[in-house]
Amino acid sequence: MPTEKKISSASDCISAMVDGTELKKVRSNSRIYHRYFLLDADMQSLRWEPSKKESEKAKIDVKSIKEVRTGKNTDTFRTNGTYDQISEDCAFSVIFGENYESLDLVANTADVANIWVTGLRYLISYGKHTLNMIESTQNDMRSSWLGELFDEADSNNSKQITICAAVQLVKKLNPGLKNVKIELKFKELHKAKDKAGSDVTKDEFIEVFHDLCTRPEIYFLFVQFSSNKEFLDTKDLMIFLEAEQGMAQVSEDTSLEVIQKYEPSKEGQLKGWLSLDGFTNYLMSPECHIFDPEHKRVCQDMNQPLSHYYINASHNTYLIEDQFRGPSDVTGYIRALKMGCRSVELDVWDGPDNEPVIYTGHTMTSQIVFRSVIDVINKYAFVASEFPLIVCLENHCSLKQQRVMFQHLKKILGDKIHLDIPKPEDCYLPSPSELKGKILLKGKKLSTNCTASEGEVTDEDEGAEMSQRMSIESAEQQTIAPKKFQLSKDLSDLVTLCKSVEFRDFPTSFQSQKHWELCSFNEVFASRCASDFPGDFVNYNKKYLARVYPSPMRIDSSNMNPQDFWKCGCQIVAMNYQTPGLMMDLNIGWFRQNGNCGYVLRPAIMREQVSYFSANTKDSVPGVSPQLLHIKIISGQNFPKPKGSGAKGDVVDPYVYVEIHGIPADCAEQRTKTVNQNGDNPLFDESFEFQINLPELAMVRFVVLDDDYIGDEFIGQYTIPFECLQPGFRHIPLQSLTGEVLPHTLLFVHVAITNRRGGGKPHKRGLSVRKGKRSREYASMRVLLIKAVDDVFKTAMLPLREATDLRENMQNAIVSFKELCGLSAVANLKQCILALSPRLTGPDNSPILVFNLSDQYPNLEPQSLLPEVLKKVVTTYDMVIQTSKTLLENSEGVYERILQTQKAAMEFHENLHDLATKEGLKGRKLHKAVESFTWNITILKGQADLLKHARSEVQENLKQIHYAVLTCNLSKGGAAGSSSGSESKSRRSLEAIPEKATAEEEL
């Protein structure tokens, strides 16, 4: 089969199938046979050869085909020894006969699999009338819409337009296409027809548009959801929006709104039909962007202490190139503040004419006047965010020029400067909400009992550190002896919540550091702390702000990986904003998730007073539910040539890397194959799976590279926090190396997120993956060797076991049901009911099985004698309902017992050291007992949360079943032609159903 031919219609698929292709036939005995498959010319049967069977037996009648499944979703595939070697995207199954037998096939490419799946589905719908249907749709919605556009352009009614006008018209409809390519297509068409002259007729215009603007991957998807294979009606679209895009509370009115907004043809708008072009418009619209719009505004709790947030920070903000010789400029501040930066740096020295200046001391960087920087800060401080701005003052001025600094700060910034002195009885810093519109000065401060107009403090001098390090290999924090300098009291009094102090060690800080004191760590020393004391570093950052700045060896202004320090809880990781690349991509992407306000709430496990988390964990996090991220890279659009590449024409050979950045256990990357010489619309069709152990700290980065490069391989990238991913079919707008959006340059992907153990946002993560009983892991309590405490923790063993069984029994039942419906783990229950619906009606369209929705738990009721295959469906579905019911009815009691143990254990928290000492524990054993206590509390809280999330998952599943049953008219007593009004009423009435089964919303 010539796969290089672009497939963009049912006719293309059918003719390719009649020509035939080699496919691998998979058997349950792990054997794989290479066979040549083809569709009979009369389109009545599917044949394969060679075969030991008689030719009449080596075929399947098209009319006996029940369904066509994509992926490895039959028992034959699941039990095959080569399951892992078979690509999900190249596998498909033909289900046929009364006993639902399967013919399991693997194509050489995903494109070939799509051709067979699309063609067979078309045949199932239309049978022997397929050719008639194909011929009758030549004058379809696209032709009439394009015809009208052509007529408008043909102002003098000459039945043709100039090639220049035709090119501009196609370009207007698809701005990503290059003019040269469009013009070449028209010329090729004229040459093929031996046509003289260059003017373009209506038919030629429509033909070229069809060739250039039909995206096969969207056509295959369109056919999958279209009940008549020619357009999506409101019900088809409603199913797509609900089941695939994860949209909640969708009605046919929602579908109509989408159609009115994106359907280009008047006919489609009038009749409520979405054509392939309207569907493409919708999928490329901002509504189908991969980034969840909920996160485009401030969506996190902003009332936690300041130390509970990551803060977007800039290093040596005044520099716009390197650290040693580069120029300084106020534009560095303007750019950083406009990008949502909430911590900027000012390195202030004595300047000429009694005006302090900003530059890096001991280097050759140029100088800018202090006053002009304060003016810029005053103007731009709250343009991108209303939350507090931290201004890090590294003060090296004489007392005389310190007085000038003070005057400028007071006169220009005025009451924006936060001056409230923290109270000794406060344990934590104020919240970002309490500090809205305020500027916090970070710097040295005189002791509170100092009454003189100045005093001596130690100097902070990162520039001196760098100039010394230029000839020294090591970059240890401690080795440079701190200098002393005189600090004016006026300037000291402007520092309230961010007093700079020197870090000695964790025990000293835990004992004596005040919550308003802030330590700065150089990158190398911070890395050593993260490596040697990961638990202590996390606990330290629960209460105190920590600032990490780049190693003095980074003279070229390169950046450290901020994730290395975010995983330890470090709030202020100062980045060189002027240097683009992976590290800056991570920083920019990370702070998008909370309305780009410069503050991101840290994971709960890093904020709770008693919780166990080690920054270097290479395993799952106790009490946090791992997520499985399924990403399919489908295609790309309009990839430009890499900017810095040598002269090799405009052709690129693109491939895609998917990278996961997070805690060490989550870091991973996978790449697609290379698509040769196609940057316009390369098809990748490759699926990847990643386990994410700490979702709140994970990021996904998509990078497109050129395999055939000279000099530069980078085409574009997009970085997004895991929590901001939208499920379903999504387009990703790629960005350049410097962060600008590349015009019309897109990646088309499918995203699904499933749970190993329940939890997460229902519309994103209400999906389950089966864990067999043999591999079931039960949470266990660690022994402290303190009898009274150990006895309390022992009371949790049984409820913890019960909680795990309740969750995993329910999830195993759901996975079995998905498999029986012929779907993979990424499917949801709406999709299961939709996939089942054709099997639940007889030949005369009378129902064989219906759902009784009158009960809290919808059950299946046979309407006639059931074949074996449907008996199995009933049994498996009943198990889903039974395990769901058991979980809802018993989870509250189990949850309470777990919380009671947690509460009883926390009674010992204050006196744990004394109890341990009485038991004779000291040194390492004492430290181990305290760690085990924290571990146990984390497990109890985590397991209770997982049970609560599982309960939400069950409620969401019940809603999905209700909605899908109503959509498919499978409810008991439901008429096939029920009005949308009564359906909407039913939908509204069942909003309360799942909640009736629960004692309260929050356990």
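Figured I'd write up the structure that's included with this text.

Each value, and the rule that gives it
Residues numbered from 1 in each chain as written. Predicted model: local features only at pLDDT ≥ 70, side-chain atom pairs only at ≥ 80, totals over all residues. Heavy atoms only, no water. Helix = DSSP H or I, 4+ residues; strand = E, 2+ residues; numbered from the N terminus. Buried < 20%, exposed > 50% of the residue type's maximum accessible area, 1.4 Å probe, protein only. Contact = heavy atoms within 4.5 Å. Salt bridge = Lys/Arg side-chain N within 4 Å of Asp/Glu carboxyl O. Pairing = 2+ DSSP bridges. Disulfide = S-S within 2.5 Å. Phe/Tyr/Trp six-rings, centres within 6.5 Å; stacked < 30°, edge-to-face > 60°. Axes fitted to C-alpha atoms, helices over the stretch in contact; angles between N-to-C directions. Parallel < 35°, antiparallel > 145°, perpendicular 65-115°, else oblique. Left-handed = near helix turned anticlockwise from the far one by under 90°. Nonpolar A, V, L, I, M, F, W, Y, C, P; charged D, E, K, R; others polar.

## Some points on the overall build of the chain
Consideration 1: Of the regular secondary structure elements, the chain holds 32 helices and 32 strands.
Consideration 2: Taken across its 1003 residues, the chain has 56% of its residues classed as buried.
Consideration 3: When contacts within the chain are restricted to residue pairs at least 6 apart in sequence, those whose partners lie at least 24 apart make up 70%.

## Section: the pattern of salt bridges
Consideration 1: This structure, assessed with the given rule, holds 38 salt bridges.
Consideration 2: As a salt-bridge pair, lysine 499 and glutamate 517 come within 3.7 Å of each other at their nearest N and O atoms. Taken together, the residues lysine 499 in strand β18 (residues 498-501) and glutamate 517 in strand β19 (residues 517-522) connect sequence positions 18 residues apart.
Consideration 3: Looking at glutamate 517, the relative accessible area reads 12%, which means it is buried.
Consideration 4: A salt bridge links arginine 701 to glutamate 659; its shortest N-O distance comes to 3.2 Å. On the criterion of sequence distance, the pair formed by arginine 701 in strand β27 (residues 699-706) and glutamate 659 in strand β24 (residues 654-661) is long-range, its members being 42 residues apart.

## A look at the pairing of β24
Consideration 1: With respect to burial, β24 is a largely interior element, 7 of its 8 residues being buried.
Consideration 2: Across 8 bridges, β24 lies against β27 in antiparallel orientation. The residue of β27 that forms the bridge with histidine 661 is methionine 699.
Consideration 3: Note that β24 and strand β25 (residues 668-671) share 4 bridges and pair antiparallel.

## Here's the deal with the side chain of arginine 69
Consideration 1: With respect to the element layout, arginine 69 can be found in strand β5 (residues 65-70).
Consideration 2: Once you skip the residues sitting within four places of it in the chain, arginine 69 turns out to touch Thr74, Phe92, Ser93, Ile95, Glu819, Leu820, Cys821, Gly822 and Arg839.

## With respect to the state of the cysteines
Consideration 1: The tally for this structure, following the rule as stated, stands at 0 disulfides.
Consideration 2: A disulfide-free cysteine, cysteine 392 has its sulfur positioned 7.5 Å from the sulfur of cysteine 498, the nearest such atom.
Consideration 3: This cysteine, cysteine 724, is not joined by any disulfide, and cysteine 299 carries the nearest cysteine sulfur, 7.1 Å off.
Consideration 4: Cysteine 724 sits in the buried class, given a relative accessible area of 0%.

## Some points on the packing of aromatic side chains
Consideration 1: Counting across every chain of the model gives 35 aromatic pairs.
Consideration 2: Both rings, one in phenylalanine 506 and one in phenylalanine 533, keep their centres 5.9 Å apart while their planes meet at 70°; by these two values the pair is edge-to-face. Residue phenylalanine 506 is located in helix α19 (residues 506-512), and its partner phenylalanine 533 is located in the loop between α20 (523-532) and α21 (534-540); the two are separated by 27 residues in the primary sequence.
Consideration 3: When its relative accessible area of 3% is taken as the criterion, phenylalanine 506 is described as buried.
Consideration 4: With 5.8 Å between their ring centres and 65° between their planes, phenylalanine 793 and phenylalanine 933 make a pair best called edge-to-face. Here the residue phenylalanine 793 occupies a position in helix α25 (residues 787-794), and phenylalanine 933 occupies one in helix α30 (residues 923-967), the gap between them amounting to 140 residues.

## Points about the packing of helix α28 (residues 868-906) against α30
Consideration 1: Interaxial distance between α28 and α30 falls to 9 Å at its minimum, and their mutual angle equals 155°. Put simply, α28 runs roughly antiparallel to α30. Considering only the axes of α28 and α30, their crossing is left-handed.
Consideration 2: By residue class, the composition of the contact of α28 with α30 is 19 nonpolar, 5 polar and 4 charged.

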